[in-house]
Amino acid sequence: MSELSKFEDLPVELLPLVLQHILRPNHLASLCLVNKTFYSSAIPYLYERVFIYAWHKEGKAKVVKLFRTLADYPHLAQWVHQLVIRDFPKALQSEDHDTIVELCLNGIRNCHNLKACTWTRHGSLTTRVLMTLVGCPRLGELEVNGQHDNYYDPRILTRFTNLRKLSLIMPSGAVIDTLPLWTGNVKTTLQYLSLICKSSTRVTDRVCSDIASNVPNLEYFYLVGCPKVTHEGLLAVLSAAYKGIIGLGMEGLSTAFDMGIFSERCNRTGVLSRLRSITLTVDEHTSLADWQQHVLSLLAGAPLQHFHISTVGGHVNHRLSDDFCEAIVSAHGSRLTRFSVHRMRMSIRAIADICTRCCALEQLFIVVEQDDLDALGPCLAEAPKLRAVHVNRPLDFGSEDVSKQSYDKILAIVRQCQPTVKQFGFNTRVFQVERTPVVGEDGSVKTEATLSPYENPEIPEQFLVVRT
């Protein structure tokens, strides 16, 4: 028998294919130290996506280190494709602040291949930073804090003229006022627009109407916390997107939003004939029975793959009916890869039906009563392609902590799932599912599921689905 091949016997051309599955930056950094071959293969992955989140330990200090590296080492900055800044040192002496800003500007200038930038820390985005970002020739995606106050001139935003994707968080009135001109400047390229507010009255039907003629190529449109937008404003935008909308988010819109009229007009005009993803919220004043029927009608002709639904804010009285879930599954089960329910109770019977009949299901985010947890495992076992599960208890249940008892319960549920499940979350915790070989007394080998800390340094997707 020939000797087993070793890792070093693999063709060097395969190394990048192996390294692209490494998630943690510190692991990639270690691989860069192996030898020159590993360095040249790993360094692009290490710097391709750089991000600073508010919950990172010493996040503010890491901002300084990051931009000093990008400023001092242009050969590393050239690999940066995505820059995510969600934390930034603000309470500094003026001279320290000026030094950091200069590092930022010089670092950004060296990022010649920057394609996407997220800068959401309030008060840290300045006119000078924006002007420097305007100079990035390949920048096509921008997510920024829209509360400009006295930090930046909103008119600079209209100079970003090659954007495919635009997200504004908490936009001020002056920033909203730039949208007609700004969307006109990106008319030929803009495919994704997201306006994330917090019960802001600045985004209205009039705003939607004013930008409608400028978004003919729009394919993804998300409105969050815009209580002055009704079905009329939304229809104005959807009707102008001649390719048809693929992803639509309607979260926290006007109480005057008429789902019945919206459904009828969408069906008559066919504006949602390409819809693959929808995010909906329902408030405490909505007649849920009628609303659900209108939603079913709205989605009847759509090739839906992702379905997300939630209540607005912390309201927990609504229950998603079994009949509604059954109808969604009957109409779309063969295509659905994600079924997401937040802040709404649902029965274990509905969950079982989703797992049994959604044959392509990969992600399931659900609210489960404590008494139903024992029955959850057999339900999940029926989903042959399931990769990620997140279980929330009703918001009025109590503590968010995962006790030892709850941990044992989670592990018992995971061990009943198909081996395709790689991630399992419970309330605010997310675990990575590992499968380790166990040798039995008879010499047979089987795998056993265990839970380990979540390795991916980015935000788990289930925490991004619903934002109100």
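Further up the page is the structure itself.
Since the structure is predicted, the reported quantities are computational estimates derived from the model, not experimental observations.

A short note on the overall build of the protein
- Along the protein, the regular secondary structure elements total 17 helices and 16 strands.
- Taken over the C-alpha trace, the protein has a radius of gyration of 24 Å; the compact-globule value for 468 residues is 23 Å, and the two agree within 12%.
- Projecting the C-alpha coordinates of the protein onto the three principal axes gives extents of approximately 70 × 65 × 40 Å.
- Buried residues in the protein amount to 50% of all 468 residues.

Things to note about the pattern of salt bridges
- One pass over the full model with this rule turns up 15 salt bridges.
- Glutamate 102 is the partner of arginine 128 in a salt bridge, and the nearest nitrogen-oxygen pair spans 2.4 Å. Here glutamate 102 lies in helix α6 (residues 94-109) and arginine 128 lies in helix α7 (residues 127-134), a separation of 26 residues in the sequence.
- One salt bridge connects aspartate 210 with arginine 206, and the closest N-O pair in it is separated by 3.2 Å. Here aspartate 210 and its partner arginine 206 are both found in helix α10 (residues 205-212), four residues apart, which amounts to about one turn of the helix.

Considering α10
- Among the residues making up α10, those that are buried are Val207, Cys208, Ile211 and Ala212. Down the axis of α10, the buried set is contained in an arc of 135 degrees. They therefore lie on one face.
- Structurally, α10 contributes buried residues whose contacts are with α8 (173-177), α9 (179-185), β6 (192-196), β7 (220-224) and α11 (231-240).

Notes on the environment of leucine 234
- Following the sequence through the fold, leucine 234 ends up in helix α11.
- Among the residues examined, leucine 234 registers a relative accessible area of 0% and is labelled buried.
- Residues leucine 234 and threonine 201, spaced 33 residues apart in sequence, show a C-alpha to C-alpha distance of 15 Å.
- Leave out the neighbours within four places in its chain, and leucine 234 touches Phe221, Leu223, Val229, Leu248, Met250, Phe257 and Phe262.

Some details on the pairing of strand β4 (residues 141-145)
- With four of five residues buried, β4 is to be regarded as a mostly interior element.
- Relative to β4, strand β3 (residues 116-119) runs parallel, the two being bridged by four bridges. Its bridge partner being in β4, tryptophan 119 is matched across the sheet by valine 144.
- Assessed by its sense of winding, the connection that carries the chain from β3 through α7 to β4 is right-handed.
- Bridge analysis of β4 against strand β5 (residues 165-169) gives five bridges, and the strand direction is parallel. The residue bridging valine 144 from the neighbouring strand is leucine 168, located in β5.

Considering the nonpolar core
- Membership of the largest hydrophobic core comes to 136 residues, with the highest contact counts inside it found for Phe67, Trp119, Phe262, Phe307 and Phe339.
- Residue contacts for phenylalanine 67: discarding those within four places in its chain leaves Leu83, Ile85, Leu103, Cys104, Gly107, Ile108 and Trp119.

A word on the layout of surface pockets
- The volume enclosed by the second largest pocket comes to roughly 970 Å³.
- Pro25, Phe51, His56, Lys62 and Pro457 are the residues nearest the centre of the second largest pocket, which is lined by 28 residues in total.
- Here the lining of the second largest pocket is composed, by residue class, of 15 nonpolar, five polar and eight charged.

Reading the values: rules and limits
Residues numbered from 1 in each chain as written. Predicted model: local features only at pLDDT ≥ 70, side-chain atom pairs only at ≥ 80, totals over all residues. Heavy atoms only, no water. Helix = DSSP H or I, 4+ residues; strand = E, 2+ residues; numbered from the N terminus. Rg over C-alpha atoms; globule rule 2.2 N^0.38 Å. Buried < 20%, exposed > 50% of the residue type's maximum accessible area, 1.4 Å probe, protein only. Salt bridge = Lys/Arg side-chain N within 4 Å of Asp/Glu carboxyl O. Arc of directions from axis to C-beta. Contact = heavy atoms within 4.5 Å. Pairing = 2+ DSSP bridges. Right-handed = clockwise from strand over helix to strand, strands pointing away. Core = buried A, V, L, I, M, F, W, Y, C linked by side-chain atoms within 4.5 Å. 1 Å grid on protein atoms, 1.4 Å probe; cavity = no way out; pocket = protein on both sides within 12 Å on 5 of 7 lines; lining within 4 Å. Points joined across faces, edges and corners; volume = space filled by probe spheres on them. Nonpolar A, V, L, I, M, F, W, Y, C, P; charged D, E, K, R; others polar.

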